Amino acid sequence: MTAEKAARSWVEESALRAAGAAAIPIPVPGAHTALTSAIEAYMIYHVAGIYGEKLTLGEALGLIPALGAGVVARKAATAVVGETVGWIPFAGWLLKGAASGGTAFAMGVAAVTYFEKKYPGRDAVPFETVSIKDWVKAALSHLGFKK
């Protein structure tokens, strides 16, 4: 299987994770933005791994803004939607989830494009995965959220 095909499949799964996480009502301002950023960093970490590259947590988080101004602008818009409309029961939660999932998907496509340009036509590389629970804990801690 090509790295591009495997990475795109991973991006789709990750976008669904981000959408689900954002749709959960958490009454803490900024919590969803931090959580979805951790999921997006996890996605980028795995996309890099599929291409045979090893990223640290900091490098994966650092790639989020580096993937393009359009993606960063969508990320900011998603944060605004999440912190305003997200408080409306049901409809707001669904809208917030859709916005976060769409942003994560766009960011994942940008990551695949980045690695595909850097390493065109590579085969997918099997690699050790980290549990999403451990990754999110580490990412939230890295972003300044304590236990």
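Residues numbered from 1 in each chain as written. Predicted model: local features only at pLDDT ≥ 70, side-chain atom pairs only at ≥ 80, totals over all residues. Heavy atoms only, no water.

**Q** Looking at this structure, I do not really get the nonpolar core. What am I missing?
**A** Soluble globular proteins tend to bury their nonpolar side chains together. Ile44, Val47, Tyr51, Leu55, Phe115 and Trp135 are the most contacted members of the largest nonpolar core, which totals 35 residues. Those elements giving two or more residues to this core turn out to be α1 (3–23), α2 (31–50), α3 (57–66), α5 (91–118) and α6 (132–142). Here this core gets 11 residues from one element, more than from any other, and that element is α2. Excluding anything up to four places from it in sequence, valine 47 contacts Ala7, Trp10, Val11, Ala111, Val112 and Phe115. (Core = buried A, V, L, I, M, F, W, Y, C linked by side-chain atoms within 4.5 Å. Buried < 20%, exposed > 50% of the residue type's maximum accessible area, 1.4 Å probe, protein only. Helix = DSSP H or I, 4+ residues; strand = E, 2+ residues; numbered from the N terminus. Contact = heavy atoms within 4.5 Å.)

**Q** Before we go on, may I ask you to explain α1 in this structure?
**A** In an α-helix there are 3.6 residues to a turn, and that puts residues three or four apart on one side. For α1, which comprises 21 residues, the first-to-last C-alpha distance of 30 Å matches the rise-based estimate of 30 Å (1.5 Å per residue) to within 8%. Elements that come into contact with the buried residues of α1 comprise α2 and α5. (Expected span 1.5 Å × (residues − 1).)

**Q** Even after reading the chapter, I still don't get α2, so can you show me in this structure?
**A** With 20 residues, α2 should reach 28 Å at 1.5 Å per residue; the first-to-last C-alpha distance of 29 Å fits that figure. The buried fraction of α2 is high, at 19 of 20 residues. Note on α2: the residue one or two positions beyond its end, glycine 52, has a positive phi of about 85°.

**Q** Would you mind showing me how to read the environment of valine 112 here?
**A** The topology assignment puts valine 112 in helix α5. Classification of valine 112 by relative accessible area gives buried; the value is 1%. Taking the C-alpha atoms as reference points, valine 112 and valine 11, separated by 101 residues in sequence, lie 8.4 Å from one another. If near-sequence neighbours (up to four positions away) are discounted, valine 112 is found in contact with Glu4, Ala7, Arg8, Val11, Val47 and Tyr51.

**Q** Please clarify how the packing of aromatic side chains should be interpreted in this entry.
**A** Aromatic rings in a pair are described by how distant their centres are and how their planes are angled relative to each other. Inspection of every chain in the model, using the stated rule, returns 3 aromatic pairs. Each ring, one from tryptophan 10 and one from tyrosine 42, has its centre 6.0 Å from the other, and the planes form 50°; the classification is tilted. One end of the pair, tryptophan 10, is in helix α1; the other, tyrosine 42, is in helix α2, and 32 residues separate them in sequence. On the accessibility criterion, tryptophan 10 (16% relative accessible area) is buried. Ring geometry for tyrosine 114 versus phenylalanine 115: centroids 4.9 Å apart, planes at 85°, classification edge-to-face. Among the aromatic residues, those joined into a ring-pair cluster are Tyr51, Tyr114 and Phe115. The cationic tip of arginine 122 hangs over the ring face of tyrosine 119; the distance from NZ or CZ to the ring centre is 3.9 Å. (Phe/Tyr/Trp six-rings, centres within 6.5 Å; stacked < 30°, edge-to-face > 60°. Lys NZ or Arg CZ within 6 Å of the ring centre and 35° of its normal.)

**Q** How do you make sense of the pattern of salt bridges when you look at a structure like this?
**A** Pairing between side chains becomes possible if they bear opposite charge and their charged atoms approach one another. Summed over all chains, the structure comprises 3 salt bridges. A salt bridge links glutamate 13 to arginine 17, with the nearest nitrogen and oxygen atoms 3.7 Å apart. Pair noted here: glutamate 13 and arginine 17 are both in helix α1, with a separation of 4 residues, about one helical turn. Accessibility expressed as a relative area gives 38% for glutamate 13, which makes it partly exposed. Ionic pairing is found between glutamate 53 and arginine 122, a salt bridge with its closest N-O pair at 3.1 Å. (Salt bridge = Lys/Arg side-chain N within 4 Å of Asp/Glu carboxyl O.)

**Q** Explanation requested: the confidence of the model for the chain in the structure shown.
**A** Low pLDDT means the predicted atomic positions in that stretch should not be read closely. Scored by pLDDT, the chain has a mean of 80; 82% of the residues are at 70 or more. For the chain, per-element mean pLDDT is lowest for helix α4 (residues 69–84), which scores 61, and highest for α1, which scores 91. (pLDDT = per-residue confidence, 0-100.)

**Q** Hey, could you run me through the packing of α1 against α2 in this one?
**A** For any two helices packed against each other, one specifies the inter-axial angle together with the distance between the axes. Between α1 and α2, the shortest axis-to-axis distance is 9 Å and the interhelical angle comes to 170°. Classed by the angle they form, the pair α1 and α2 counts as roughly antiparallel. Between α1 and α2, the contacting residues are Ala3, Ala6, Ala7, Trp10, Val11, Ser14, Arg17, Ala18, Ala21 and Ala22 on the first element and His32, Leu35, Thr36, Ile39, Tyr42, Met43, His46, Val47 and Ile50 on the second. Across the contact of α1 with α2, the residue classes break down as 14 nonpolar, 4 polar and 1 charged. (Axes fitted to C-alpha atoms, helices over the stretch in contact; angles between N-to-C directions. Parallel < 35°, antiparallel > 145°, perpendicular 65-115°, else oblique. Nonpolar A, V, L, I, M, F, W, Y, C, P; charged D, E, K, R; others polar.)

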